[in-house]
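The residues making up each chain are set out below.
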Amino acid sequence: MISRRERALNYAVLTVFAALALVPLVGVVASSLTPRAQSSPTFTWPDHLDWSNFSTAWAQGHFATYLRSSLFVAVSVVLITGVLAILAGYSFARFDYPGRSLLFYVTLVGLMVPPEAFVIPLYFNLRDVGLTDSYWSLILPQTAQSLAFGVFWMRNFFRSVPSAVIEAARLDGASDRRVLWQILVPISRPALLTMAMLVFMWTWNEFLLPLVMITDEAKRTAPLGLAFFQSAHTTQYSLLAAASVIVALPVVVLYVFLQRHFITGMLSGAVKG
Amino acid sequence: MAATAPRPTTRKRPADVSHRRAAGRRDRVQWKGYLYALPALTVLTVFLLVPLGQLVRISLYHWDGLSASTWAGLANYTEIARDPQLRASFGHSFVLIFFFALVPIALALVLAAVTTRAARLRGVSVFRAVIFLPQVVAMVVTATAWTAVYAPEGVLNQALNAIGLESVGRSWLGDFGTALPAVGLIGTWLEIGLCLVLFIAGIGQIPRELYEAAKVDGAGAVREFFAVTLPGLRGQITVALTLTVIAALRTFDLVYVATHGGPGNATSLPAFEVYNRAFNTGQVGSACAIAVVLTGVILLLTFLITKLQPEDDES
């Protein structure tokens, strides 16, 4: 049994570090609710709650446009990655052919290579075919990057499915395609959800790629829009804080509901990378 | 019939299982496998692998991104060794590894050691979620939060004033001496939750009998830590090292928003130099060489870290 002192110590440590994690974020939220008159260049604790910073930041910063861009790009990447990772994961987990391991390891390269490495040639390639400054210039490269994790993740999940389940289906005459879509995919819903959440978060938070690819203001993603908004509003922290909350909120809300998926995925995805 | 066949121990050869049932189909090479992998491999090749190859090629040229390029041989690489600013940016990366990887892991190990039973406490999942939260917040937001902490009239200086240390206060991100450690401490804040969550989960998996045995042997808290906790966490330490070291080396958004590499180039990092040279100063060849070296360093360190992983780990 856990002694009372030990329990108190454990809770104390957890509380201190939970507080440390929260302080800067709570500071941002509190500042975002601070009336404009009270605003300063740093965190402020509001005298009374004032929601007007959000509407001001929303209108001045064009965040409706930025959030729409981000949402479109992130959902596209999640869907395309999902389908391609399911297909490739199935191939690597359940088929036997020469070069299978080699091809699998090639996909894993994407887990280790930083975006800084391929963004320069990618930019010039896409510029040559007129694709920079388009959503495709964000969707396709980020799909490629997410696939490294996605294929790895789905392959491992498909491999963990007992062979007996699949053999039973085959005895009933199910084709490869039916085995995948009517047996494997339905039972891998939790794994798919984890993958979707992580890919959504990575895409939503990505900064370098939109910074390089996008010049058209209407196509800026939320973090990029925030960076531009920041350089224009250095003195009015309450406004900047409201904009920050707007940008961070969608992922944080998903996290609040599905934190288990985020944590297990982020910790196990890199284990063998 | 297939069900009576002995189950293969490895999954590599499903052919054995369904051998009799569908001999004609399963014995041959399953060409369909290529088809299923093809779409993903195509996207990966076009948007990741080919650019990687081009990166190496461009790094061997002088190129401003517009006019014709000229052969440079290894000049862009020797420049990295010679140019003090570039050398400094790699040096800064290693300072960040200290703050992003070593400090959080060491701290989290100590904390995990005093919370060996945290995994079984009530409400631990709420704590876990909160401690892990910095990992999911966009880096741009993290940077704006911390610029407010470090600002000349920021909360850090306010706190110092409150305890009578006005003389220590400064513009933490604007001061040549403190900018890099200040950025590093943001990294410590970012990564400690990740390490703590990993280690608490890891300790939960260490058999309790080992702790009981250590107690029976009369081991104190320190001996218990080195004899039971630390060896039991080797796998988790490897994961934490991999994730945090890569995070340190890849740092870009944080510095781009919080300091823009400044003051001077006190917080310039390889990733920042890559971006700056390729898209601002027209030194594309040099930028590619830096990216090649950075990628090489990341791959090398990842490889060395996995060498630390115990052999018997799940694989």
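Every residue gets a number counted from 1 within its own chain, in the order that chain's sequence is written. To label them, take the chains in the order written and letter them from A, then take the ligands in the order written and number them from 1. Confidence filtering applies because this is a predicted model: local features only for residues at pLDDT of at least 70, side-chain atom pairs given and counted only at 80 or more, and all residues used for totals across whole chains, interfaces and linings. For the side-chain quantities, the full set of heavy atoms in the structure was used; hydrogens and water were omitted.

## Focus on the overall build of chain A
Move 1: What counts as a helix is a DSSP run of H or I of at least four residues, what counts as a strand is a run of E of at least two, and both are numbered from the N terminus. Across its full length, chain A holds twelve helices and zero strands.
Move 2: In sequence order, the secondary structure elements of chain A are arranged as α-α-α-α-α-α-α-α-α-α-α-α.
Move 3: The dimensions of chain A, computed from C-alpha atoms along their principal axes, are 75 × 65 × 30 Å.
Move 4: Across the 273 residues in chain A, those meeting the buried criterion constitute 61%. Burial here depends on accessible area, computed with a 1.4 Å probe over protein chains only, as a share of the maximum for the residue type. Under 20% is buried, over 50% is exposed, and the range in between is partly exposed.

## Notes on helix H9 (residues 189–205) of chain A
Move 1: The end-to-end C-alpha distance of H9(A), which contains 17 residues, comes to 24 Å, matching closely the 24 Å that a straight helix rising 1.5 Å per residue would cover.
Move 2: Counting buried positions along H9(A) yields 13 of 17 residues, so the element is predominantly enclosed. How far a helix is expected to stretch is found by multiplying one less than its residue total by 1.5 Å.

## Structural notes on the interface of chain A and chain B
Move 1: Contact residues are listed per partner, giving 97 residues for chain A and 98 residues for chain B.
Move 2: Summed over both partners, the accessible surface that disappears when two parts come together, traced with a 1.4 Å probe, is what is meant by buried area. When the two sides are added together, the surface that chain A and chain B hide from each other amounts to roughly 9,000 Å², 73% of it contributed by carbon and sulfur.
Move 3: For salt bridges, the criterion is a side-chain nitrogen of Lys or Arg within 4 Å of an Asp or Glu carboxyl oxygen. For the pair chain A and chain B, the interface holds one salt bridge.
Move 4: At 16 residues, helix H1 (residues 4–32) of chain A tops the list of elements feeding residues into the side of chain A that touches chain B.
Move 5: A breakdown of the residues in the side of chain A that touches chain B according to their chemical character gives 69 nonpolar, 14 polar and 14 charged. Only heavy atoms enter the contact rule, under which two residues are in contact if any of them lie within 4.5 Å. Each residue gets one label: Ala, Val, Leu, Ile, Met, Phe, Trp, Tyr, Cys and Pro are nonpolar, Asp, Glu, Lys and Arg are charged, and the others, such as Gly, are polar.

## Comments concerning the packing of helix H3 (residues 75–82) of chain B against helix H14 (residues 284–308) of chain B
All names here are of chain B.
Move 1: Between N-to-C directions, angles cover 0 to 180 degrees, with each direction set by a line fitted to C-alpha atoms, over the stretch in contact for helices. Where H3 contacts H14, the two axes come as close as 9 Å, and the packing angle between them is 70°. The orientation of H3 relative to H14 falls into the category roughly perpendicular. Here Asn76, Tyr77, Glu79 and Ile80 of H3 come into contact with H14, specifically with Gly285, Ser286, Ala289, Ile290, Val292 and Val293.
Move 2: Tallied by class, residues from the contact of H3 with H14 come to six nonpolar, three polar and one charged. Working definition: roughly parallel below 35 degrees, roughly antiparallel above 145 degrees, roughly perpendicular at 65 to 115 degrees, and oblique for all remaining angles.

## Things to note about the pattern of salt bridges
Move 1: This model, assessed by the stated rule, comprises seven salt bridges over all chains.
Move 2: Residue Lys32(B) pairs with Asp176(A) through a salt bridge whose shortest N-O separation is 3.4 Å. In this pair, Lys32(B) sits in helix H2 (residues 32–58) while Asp176(A) sits in helix H8 (residues 176–187), so the two residues belong to two different chains.
Move 3: Overall, the relative accessible area of 43% leaves Lys32(B) in the partly exposed class.
Move 4: Among the residues examined, Asp176(A) registers a relative accessible area of 6% and is labelled buried.
Move 5: Across the pair Lys219(A) and Asp216(A) runs a salt bridge whose closest N-O atoms are separated by 3.1 Å.
Move 6: On the basis of relative accessible area, Lys219(A) is assigned to the partly exposed category, the value being 22%.

## Topic: the environment of Ala101(B)
Residue and element names in this part refer to chain B.
Move 1: Structurally, the position occupied by Ala101 is in helix H4 (residues 84–114).
Move 2: Residues Ala101 and Thr242, spaced 141 residues apart in sequence, show a C-alpha to C-alpha distance of 8.7 Å.
Move 3: In this view, Ala101 contacts Leu96, Leu241, Thr244 and Val245; residues no more than four positions away in its chain are not counted.

## A closer look at the confidence of the model for chain B
Move 1: Averaged over chain B, the pLDDT score is 85; the fraction of residues at 70 or greater is 88%.
Move 2: Within the model, pLDDT remains below 50 along residues 1–25 of chain B, and this stretch shows 24 contacts once partners closer than five positions in the same chain are excluded. Values of pLDDT, the confidence the predictor places in each residue, fall between 0 and 100.

## Quick word on unusual backbone geometry
All names here are of chain B.
Move 1: In this structure, Pro263 follows Gly262 across a cis peptide bond, with omega equal to -5°.
Move 2: You can see Pro263 is positioned in the loop between helix H12 (253–258) and helix H13 (270–279).
Move 3: Within the chain, His260 stands out as a residue other than glycine whose phi angle is a positive 55°.
Move 4: Among the secondary structure elements, His260 is positioned in the loop between H12 and H13.
Move 5: Overall, His260 belongs to the partly exposed group, its relative accessible area being 46%.

## Comments concerning the confidence of the model for chain A
Move 1: Mean pLDDT over chain A: 89, with 97% of residues reaching 70 or higher.
Move 2: Confidence, expressed as mean pLDDT per element, reaches its minimum in chain A at helix H7 (residues 163–171) of chain A with 87 and its maximum at helix H3 (residues 63–94) of chain A with 95.

## A word on the nonpolar core
Move 1: To form a nonpolar core, buried Ala, Val, Leu, Ile, Met, Phe, Trp, Tyr and Cys residues must be joined to one another through side-chain atoms within 4.5 Å. Grouped together as the largest cluster of nonpolar side chains are 194 residues, with contacts concentrated most on Ile120(A), Leu180(A), Phe207(A), Phe199(B) and Phe252(B).
Move 2: Looking at this core element by element, the count peaks at 17 residues for helix H12 (residues 237–269) of chain A.

## Brief notes about the packing of aromatic side chains
Move 1: Working definition: rings of Phe, Tyr and Trp (its six-membered ring) pair if their centres are within 6.5 Å, and the pair is stacked with planes under 30 degrees apart, edge-to-face with planes over 60 apart, and tilted otherwise. Considering all chains together, one arrives at 34 aromatic pairs over all chains under this definition.
Move 2: Relative to Tyr150(B), the ring of Trp146(B) has its centre 5.6 Å away and its plane inclined at 45°; by these criteria the two rings are tilted. Here Trp146(B) pairs with Tyr150(B), and both are found in helix H6 (residues 139–150), just four residues apart, close to one helical turn. With respect to class, Trp146(B) is no different from Tyr150(B); both count as buried.
Move 3: Between the aromatic rings of Phe225(B) and Phe226(B), the centroid separation amounts to 5.1 Å while the plane-to-plane angle is 80°, which identifies the pairing as edge-to-face.
Move 4: Taking the relative accessible area as the measure of exposure, Phe225(B) reaches 14% and is therefore buried.
Move 5: Of the residues examined, Phe226(B) reaches a relative accessible area of 53% and is grouped as exposed.
Move 6: Within the aromatic cluster, the residues linked to one another by ring pairs are Tyr123(A), Phe124(A), Phe207(A), Trp63(B), Phe252(B), Tyr256(B), Phe272(B), Tyr275(B) and Phe279(B).
Move 7: Working rule: Lys NZ or Arg CZ, within 6 Å of ring centre, within 35 degrees of ring normal, means a charge sits over the ring. Sitting above the plane of the Phe104(A) ring, Arg155(A) keeps its charged end 3.9 Å from the centroid.
Move 8: Above the face of the Trp172(B) ring, Arg170(B) is positioned so that its terminal group lies 5.2 Å from the ring centre.

## Section: the side chain of Ser39(A)
All names here are of chain A.
Move 1: With respect to the element layout, Ser39 can be found in the loop between H1 and helix H2 (52–60).
Move 2: Of the residues examined, Ser39 reaches a relative accessible area of 19% and is grouped as buried.
Move 3: If we ignore the near neighbours within four places in the chain, the residues touching Ser39 are Thr34, Gln236, Tyr237 and Ser238.

## Points about the packing of helix H11 (residues 222–232) of chain A against H6(B)
Move 1: Orientation of H11(A) relative to H6(B), taken along the N-to-C sense of each, is 25°, at an axis distance of 9 Å. What the angle tells us is that H11(A) and H6(B) run roughly parallel. Contact residues: H11(A) offers Pro223(A), Leu226(A), Ala227(A) and Gln230(A), while H6(B) offers Val140(B), Val141(B), Thr144(B) and Thr147(B).
Move 2: Residue classes in the contact of H11(A) with H6(B) are distributed as five nonpolar, three polar and no charged.

## Some remarks on the side chain of Thr242(B)
Move 1: Here Thr242(B) shows up in helix H11 (residues 234–250).
Move 2: For Thr242(B), the contacting residues outside a window of four places in its chain are Thr302(B) and Ile305(B).

## Some points on a nonpolar patch on the surface
Move 1: A contiguous nonpolar patch, built from Leu249(A), Val253(A), Val256(A) and Phe257(A) and spanning about 420 Å² of accessible area, is present on the exposed surface.
Move 2: What makes Leu249(A) partly exposed here is its relative accessible area of 44%. Within the patch definition used here, like charges are joined within 9 Å and nonpolar side chains (Val, Leu, Ile, Met, Phe, Trp, Tyr) within 5 Å, considering only residues with over 30% relative accessible area and no salt bridge. Computed by Shrake-Rupley with a 1.4 Å probe, the accessible areas treat only the displayed protein chains as cover when residues are assessed.

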